[in-house]
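# Examining the three-dimensional arrangement
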Amino acid sequence: MKLVIFDLDDTLIDFATTRQMAYVHMGELLDREGIDSAGFLAACVQVDRPLFLQFERGLLTREQYRLRRFSDPFGLIGLEPPAELVRRLNKLFMDVVNDTPVLYPDVRPVLQTLREQGIVTAILTNGPSDGQRRKLKATALHEWVEYVAIGEETGFSKPLEQAFHGVVDRFSLARAHATMVGDHPELDYDGALRAGLDALLLDRDARHAQRGCTSIRSLHEILQR
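Cut-off values and rules
- Residues numbered from 1 in each chain as written.
- Predicted model: local features only at pLDDT ≥ 70, side-chain atom pairs only at ≥ 80, totals over all residues.
- Heavy atoms only, no water.
- Pairing = 2+ DSSP bridges.
- Helix = DSSP H or I, 4+ residues; strand = E, 2+ residues; numbered from the N terminus.
- Contact = heavy atoms within 4.5 Å.
- Axes fitted to C-alpha atoms, helices over the stretch in contact; angles between N-to-C directions.
- Core = buried A, V, L, I, M, F, W, Y, C linked by side-chain atoms within 4.5 Å.
- Buried < 20%, exposed > 50% of the residue type's maximum accessible area, 1.4 Å probe, protein only.
- Phe/Tyr/Trp six-rings, centres within 6.5 Å; stacked < 30°, edge-to-face > 60°.
- Salt bridge = Lys/Arg side-chain N within 4 Å of Asp/Glu carboxyl O.
- Polar contact = N/O pair within 3.5 Å; in protein donor to acceptor, adjacent residues only side chain to side chain.

Before going further, it helps to spend a moment on the sheet that holds strand β3 (residues 147-150). Paired through backbone hydrogen bonds, the strands of a sheet run either parallel or antiparallel to each other. With respect to topology, six strands assemble into an open sheet ordered β3-β2-β1-β4-β5-β6, the strand pairing being parallel. Two strands close off the open sheet at either side, each with one partner strand: β3 and β6 (215-216). In terms of strand pairing, strand β1 (residues 3-6) meets strand β4 (residues 178-182) through four bridges, oriented parallel. Residue pairing for β4: I5 is matched across the bridge by M180. Its contacts with the sheet place helix α6 (residues 129-139) against β2 (120-125) and β3, and it is angled at close to 155° to β3.

This is how it looks when you write it as structure tokens:
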């Protein structure tokens, strides 16, 4: 193992927690506007992943994705989407998740140890470029790794093989000497294996225990391999 490539959201950054923080603030705004916040936020959860998949595949632009993730839920609760409120919700959400991200406690110790061991580290993420760059700045993660690849910037998002190859080839390493670490079975784990890399599925709460992947519960386990 000469190179470890990390996913960003829900691998290094506890995105689930920051997203929930954002939803709390959004709920308060919706309540002030007299809108069913519980129904709206449940609808957000329902529409977000399918829309994000379309963004990853290049079927939606960044702006289209962001507009629809908070306008489509209004339709699901029987309301016409008010454009100004959609804009305010989007800004509120982005300010919370991008400017106040929470790192998992094992991130910096493991990155520091890998650096001391002479192992190269990189980040490979599919998220929108501007938001991911804000998270990197807020956490200083870009200073802890040698390279950051963002799908929107490179033109190749996980699980495309080119996404993984672009990172490995940057360091002129054999693909078998690179290990991908991420929380998503299809995007991070399966995608990396198809691209010829090694892979570890980060399964912090054992939700994928029955899937048969080579998994770890903490980033510290990388150091034991």
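F6, L141, V181, L219 and I222 are the most contacted members of the largest nonpolar core, which has 24 residues in total. Elements supplying a minimum of two residues to this core: β1, α5 (107-116), β3 and β5 (198-202). If one sorts the elements of this core by residue count, α5 sits on top with four residues. Among the nonpolar cores identified, the runner-up in size contains 19 residues, and A149, A192, L197 and A199 belong to it.

Let us look at the packing of aromatic side chains. The geometry of an aromatic ring pair comes down to the distance between the two centres and the angle between the two planes. Scanning all chains against the criterion turns up seven aromatic pairs. Here the aromatic rings of F52 and F55 are separated by 5.7 Å at their centres, their planes lie at 40°, and the arrangement is tilted. Here F52 pairs with F55, and both are found in helix α2 (residues 37-56), just three residues apart, close to one helical turn. On the accessibility criterion, F52 (12% relative accessible area) is buried. Its relative accessible area of 9% is what places F55 among the buried residues. Aromatic side chains F55 and Y65 sit 5.9 Å apart centroid to centroid with 25° between the ring planes, which places their arrangement in the stacked category. Within this pair, whereas F55 is found in helix α2, its partner Y65 is found in helix α3 (residues 62-76), the two being separated by 10 residues in sequence. Given the relative accessible area of 4%, Y65 is considered buried. An aromatic cluster is built from Y23, F70 and F93, whose rings are joined through pairwise contacts.

So, on to the pattern of salt bridges. A full pass over the atoms with the stated rule returns 19 salt bridges. Notably, a salt bridge pairs R211 with E186, separated by 3.3 Å at the nearest N-O pair. Taken as a pair, R211 in the loop between β5 and β6 and E186 in helix α9 (residues 185-194) lie far apart in primary sequence, 25 residues in all. R211 gets classed as partly exposed once you look at its relative accessible area, which sits at 35%. The class for E186 is partly exposed, based on a relative accessible area of 40%. With a shortest N-O distance of 2.7 Å, D190 and R211 are connected by a salt bridge. Of this pair, D190 sits in helix α9 while R211 sits in the loop between β5 and β6, and the two are 21 residues apart along the sequence.

Let us now look at the environment of D48. Within the fold, D48 resides in helix α2. For D48 and D130, which are 82 residues apart along the polypeptide, the C-alpha to C-alpha distance reads 18 Å. The residues contacting D48, other than those within four sequence positions of it, are Y65 and R69. Here the side chain of D48 touches Y65 through a polar contact of 2.9 Å, side chain to side chain.

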